[in-house]
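Next come the chains, spelled out residue by residue.
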Amino acid sequence: AELHRRILEEQAKGESALTEIRGRDTIGETGESEVTPYEQVGREHRESRQEDTGAFSRRSLEEGRSTYQIGDYIFGFRTVQGEPSLAAQATREALNALGVPSLIVESQAEWNHRGQSHTSDISEAATIAKKLVAISNNMSLNPQTVAGHEAFHFWAEMEARADFEDVISDNIDFSSDAFLDFQDTIARNYFGKEVDISDSAAYEKLMEEVHAYLAGDLHSGEHEAQLRAMLRDYDAVKAAWDTLAEYGRTHPAEAPQMDGLGAADAGSVNTPFDQMQAETDQFHPINPNAAERVVRERGRAPADVPVENPGTGQNIRKLASTILNSPLTSNEMAPIIESAIAEGALDYGVITDRGALMQAQEAIRKNGYQAAARQVIVKAELGQRLGKYDGVQ
C-alpha cells in the first residue's frame, strides 16, 4: 500500500513511477542471471563516428555492403547470400503486413546521417533511426512478437501510437509483481547497469521499451497471462493495439529508395533500371544455365536487360545482360551494373569496325571472359562509358 501511494504521488508530480521500486533508487541492476533469448531483443552494440555521406557510400562499396537511402539517411548492409532463414522471412512478411519497410541482413548494419556514421550489431532485429527495420538472418524469436515490437518503434511519430500509449498508461498496475518482473527484465536487457530513473531521459527510454515489449506480446498473443496480471484492463489495451496495427496496415510507410539491393527484395521500389524495364517489352535473351546458377549460387533472380535504352534511344549491348546475369557478378556489383545500364554507359552504336570486333574477341580469348567482364564492371562502377574495344554485342 505504501509503495502504491508513493507511485501515485510521483505520477501526480509527473516524475517516474519507478524511482524506488524494490527499495532502491535505480532499477535494472544486472546480476549473474542468464539472459534468455526473449530478453535479447534489442540488446545491440552501437558505435558512432564522423564521416561524410560520400565517404560512407564509398566505404560501404569497398567493404561489400549495399546501400539503401531514405531521405538524408543512408544505410549500409550486407545482404544474405542464398535463401534467408525461414524465421527472418516470416518476420519480414509480418512487418510488411503492418506497413513497415524492412530487410534481412547479416549480423551488422550501418547508417549515415548528416556526417555521422553509426554501426549496430543486430542479434534479432532493430529499428534504425525510426526509418527502417533490419532483421538478422540468424534471428530465433517469434516473428510476430518481433514484428509488433519493431513496428511500435517504427511508428514513433505516428499520432495513432500516442493514443495506444495513453491507453497503456491508464492501465498499467505499476505496483504489481508482474509489472515489476516485466520492467526488470527489460531494464537488464537495455541498460545493463543501474540506471537513475529520476532522470527523465532514462525513464522515457525505459518506457519506450516497456511499450514496445507490450506491443510485441499483444501482437503475437504470447505471455497473455503475465500481461493480464499487470494490466488493469487487458482487453482495452489489446483493442488499442489492434486499432494501431490496423492503422499501420492501411497507412503503409513509403518504400525507401535503394542503391544497391544485392539479394534483398526491392518490393515496390522503382530504380531507374526498373523504370527502364517497364518502358519496353523487348529484352536480350538470358542463357538458361547462367540464370540457374545465378539463382543457386547468388540467391538473386535473373534480370531482363532491354534491347534498347528508352532514355537514350540507343541499343544496349548484349554483353550487359551477359555480365549482369553471370554468377561471377556479385550481388553487391549487380545493382551497379543495372545503374550503369540505365545511365547509358553500356549503350552502343552499330559497330562496323572489323578491327574493333577482332580486338575485343582476341581480348576475351587471351584473358578469359572473367577478366574481360571485370574490366567492364570496373568502368561501369567508375561511371565511364564503354568504348568499342570494351566488348562485343
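Residues numbered from 1 in each chain as written. Predicted model: local features only at pLDDT ≥ 70, side-chain atom pairs only at ≥ 80, totals over all residues. Heavy atoms only, no water.

Moving on to the environment of V210. With respect to the element layout, V210 can be found in helix α7 (residues 200-220). By relative accessible area, V210 is classed as buried at 0%. Sequence separation between V210 and F182 is 28 residues, and the spatial gap between their C-alpha atoms is 8.0 Å. The contact partners of V210, leaving out residues within four places of it in the chain, are I172, F179, F182, Q183 and I186. (Helix = DSSP H or I, 4+ residues; strand = E, 2+ residues; numbered from the N terminus. Buried < 20%, exposed > 50% of the residue type's maximum accessible area, 1.4 Å probe, protein only. Contact = heavy atoms within 4.5 Å.)

By the definition in use, this model includes 6 aromatic pairs. Where Y73 meets F75, the ring centres are 6.2 Å apart and the plane angle is 10°; that geometry is what we call stacked. Judged on exposure class, the residue Y73 and its partner F75 are both buried. Among the aromatic residues, those joined into a cluster by ring pairs are F152, W155, F164 and W241. (Phe/Tyr/Trp six-rings, centres within 6.5 Å; stacked < 30°, edge-to-face > 60°.)

This paragraph deals with the pattern of salt bridges. By the definition in use, this model includes 12 salt bridges. The partner of E63 in a salt bridge is R59, with the nearest N and O atoms 3.4 Å apart. On the basis of relative accessibility, which here comes to 13%, the residue R59 falls in the buried class. (Salt bridge = Lys/Arg side-chain N within 4 Å of Asp/Glu carboxyl O.)

Sheet topology places strand β5 (residues 102-113) next to strand β6 (residues 116-121); 6 bridges connect them, and they run antiparallel. Among the inter-strand pairings, H113 is bridged to a residue of β6, identified as Q116. Once β5 ends, the chain turns through 2 residues before running back antiparallel as β6, passing R114 with a positive phi of about 55°. (Pairing = 2+ DSSP bridges.)

One can find L324 in helix α12 (residues 318-324). What makes L324 buried here is its relative accessible area of 2%. With 38 residues separating them in the primary sequence, L324 and I286 have C-alpha atoms 9.9 Å apart. Residues in contact with L324, not counting those within four places in the same chain, are F273, R300, A303, V305, T329, A334, I337, E338 and I341.

This brings us to a negative patch on the surface. A surface patch of negative charge is lined by E159, D163, D166 and D170. With respect to the element layout, D166 can be found in helix α5 (residues 159-171). D166 sits in the partly exposed class, given a relative accessible area of 46%. (Patch = residues over 30% accessible without salt bridge, like charges linked within 9 Å, V, L, I, M, F, W, Y side chains within 5 Å. Areas by Shrake-Rupley, 256 points an atom, 1.4 Å probe, with all protein chains shown as cover. Lys, Arg positive; Asp, Glu negative; His and termini not counted. Charge placed at Lys NZ, Arg CZ, Asp CG, Glu CD.)

Bringing the packing of helix α4 (residues 143-154) against α7 into the picture now. Running from N to C, α4 and α7 cross one another at 140°; their axes reach a closest spacing of 7 Å. Comparing their axes, α7 and α4 come out oblique. The two elements α4 and α7 cross, and the hand of that crossing is right-handed. Packed against α4, whose contacting residues are Q144, T145, G148, H149, F152 and H153, the element α7 presents E208, E209, H211, A212, Y213, A215, G216, D217, H219 and S220 at the interface. When grouped by side-chain class, the residues that make up the contact of α4 with α7 number 4 nonpolar, 9 polar and 3 charged. (Axes fitted to C-alpha atoms, helices over the stretch in contact; angles between N-to-C directions. Parallel < 35°, antiparallel > 145°, perpendicular 65-115°, else oblique. Left-handed = near helix turned anticlockwise from the far one by under 90°. Nonpolar A, V, L, I, M, F, W, Y, C, P; charged D, E, K, R; others polar.)

A word on unusual backbone geometry. Phi angles above zero are rare outside glycine, and R114 is one such case at about 55°. Given a relative accessible area of 68%, R114 falls into the exposed group. Phi at H223 is positive, roughly 60°, even though this residue is not glycine. Along the chain, the position of H223 falls in the loop between α7 and α8 (224-230). Residue H223 is classed as partly exposed on the basis of its relative accessible area, which comes to 35%.

Interpretation in functional terms is not warranted from these geometric data alone.
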